[in-house]
Amino acid sequence: MKFSINTILIAALAAFAGAASAADFFDGKTPLLCSVYQLFECDPPNGCRAVTPGQIDGVSHLDIDFSENIVTRAGEDSSQQSQIKSVVSNLDGKLILQGVEDGDASVRDGAGWTISIMSPEGTMVLAVAGDGFAVTGLGACVPRP
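Presented here is an overview of the structure given in this document. Just so it is clear, the structure is predicted and the values come from calculations on it, not from any experiment.

### Some remarks on the overall build of the protein
Then step 1. Of the regular secondary structure elements, the protein holds 1 helix and 10 strands.
Then step 2. Within the span of the protein, comprising 145 residues, buried residues form 30% of the whole.
Then step 3. Considering only intrachain contacts with a sequence separation of at least 6, the fraction spanning at least 24 residues in the protein is 41%.
Then step 4. With an accessible surface of roughly 8,800 Å², the protein has 58% of that area assigned to carbon and sulfur atoms.

### A short note on the state of the cysteines
Then step 1. Within the structure shown, the criterion is met by 2 disulfides.
Then step 2. Each sulfur in the disulfide pair Cys34 and Cys141 lies 2.0 Å from the other. Where Cys34 bonds to Cys141 through sulfur, the torsion about that S-S bond is close to 105 degrees, and the disulfide is right-handed. Pair noted here: Cys34 is in strand S1 (residues 32–43) and Cys141 is in strand S10 (residues 134–143), with a separation of 107 residues, a long-range link.
Then step 3. Residue classification places Cys141 among the buried positions, given a relative accessible area of 3%.
Then step 4. The disulfide partner of Cys42 is Cys48, and the S-S distance across this bridge is 2.0 Å.

### Concerning the pattern of salt bridges
Then step 1. Following the criterion strictly, the structure yields 4 salt bridges and no others.
Then step 2. In this structure, Asp43 engages Arg49 in a salt bridge whose closest nitrogen and oxygen atoms are separated by 3.1 Å.
Then step 3. For Asp43, a relative accessible area of 18% corresponds to the buried category.
Then step 4. Its relative accessible area of 28% is what places Arg49 among the partly exposed residues.

### Some points on the side chain of Ser116
Then step 1. Here Ser116 shows up in strand S8 (residues 111–118).
Then step 2. With residues near it in sequence (within four places) discarded, Ser116 still touches Leu95, Ile96, Thr123, Met124 and Val125.

### As for the nonpolar core
Then step 1. By size, the foremost hydrophobic cluster in this structure holds 21 residues, and its most contacted members are Leu32, Cys34, Ile64, Leu97, Ile115 and Ile117.
Then step 2. Elements with a contribution of two residues or more to this core: S1, strand S3 (61–65), strand S7 (94–101), S8, strand S9 (123–130) and S10.
Then step 3. Sequence-distant contacts of Leu97, that is, excluding residues within four places in its chain, are made with Ile64, Phe66, Ile84, Ser86, Val87, Trp113, Thr114 and Ile115.

### Re the environment of Met124
Then step 1. Positionally, Met124 belongs in strand S9.
Then step 2. In the structure, Met124 is positioned 30 residues away from Lys94 in sequence and 9.4 Å away in space, judged by C-alpha atoms.
Then step 3. Beyond its immediate chain neighbours, meaning those up to four positions away, Met124 contacts Cys34, Ser35, Val36, Ile115, Ser116, Ile117, Met118, Gly137, Leu138, Gly139, Ala140 and Cys141.

### Quick word on the side chain of Ser82
Then step 1. Structurally, Ser82 is set in strand S5 (residues 81–83).
Then step 2. Among the polar contacts made by the side chain of Ser82, one reaches the side chain of Trp113 at a distance of 2.8 Å.
Then step 3. Setting aside its immediate chain neighbours within four residues, Ser82 contacts Asn69, Ile70, Val71, Val100, Glu101 and Trp113.

Rules used in this analysis
Residues numbered from 1 in each chain as written. Predicted model: local features only at pLDDT ≥ 70, side-chain atom pairs only at ≥ 80, totals over all residues. Heavy atoms only, no water. Helix = DSSP H or I, 4+ residues; strand = E, 2+ residues; numbered from the N terminus. Buried < 20%, exposed > 50% of the residue type's maximum accessible area, 1.4 Å probe, protein only. Contact = heavy atoms within 4.5 Å. Areas by Shrake-Rupley, 256 points an atom, 1.4 Å probe, with all protein chains shown as cover. Disulfide = S-S within 2.5 Å. Salt bridge = Lys/Arg side-chain N within 4 Å of Asp/Glu carboxyl O. Core = buried A, V, L, I, M, F, W, Y, C linked by side-chain atoms within 4.5 Å. Polar contact = N/O pair within 3.5 Å; in protein donor to acceptor, adjacent residues only side chain to side chain.

Structure below.
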């Protein structure tokens, strides 16, 4: 099958336009749905190991709402939500969100978290660091339907 130079140019421009519009989704304004597909827990006695969200009372899907500045467990009614304290958009092609959580006020379980979303592809890295532990997740985000 032969392609003309016009067909190739139109296809290349369409692909570029698709990539440019995808970048617009990771602007810190468009609501996102993120999925964690790989999760690791690290602590001093055990080092780092792969875990499932269920093993650490974690989440596998996140709903990010920039109008309310909150991150919640997606797809479920949940009181678990975290306030987004900082949003930095377009830092070397990344959208970076940060927050802190205290958890139970009577337990020393406070932690800071960061979510970095790469634009235009939407890949995500989640990091949570607390008192002697860290959780790192790898995943991807898309505009919320």
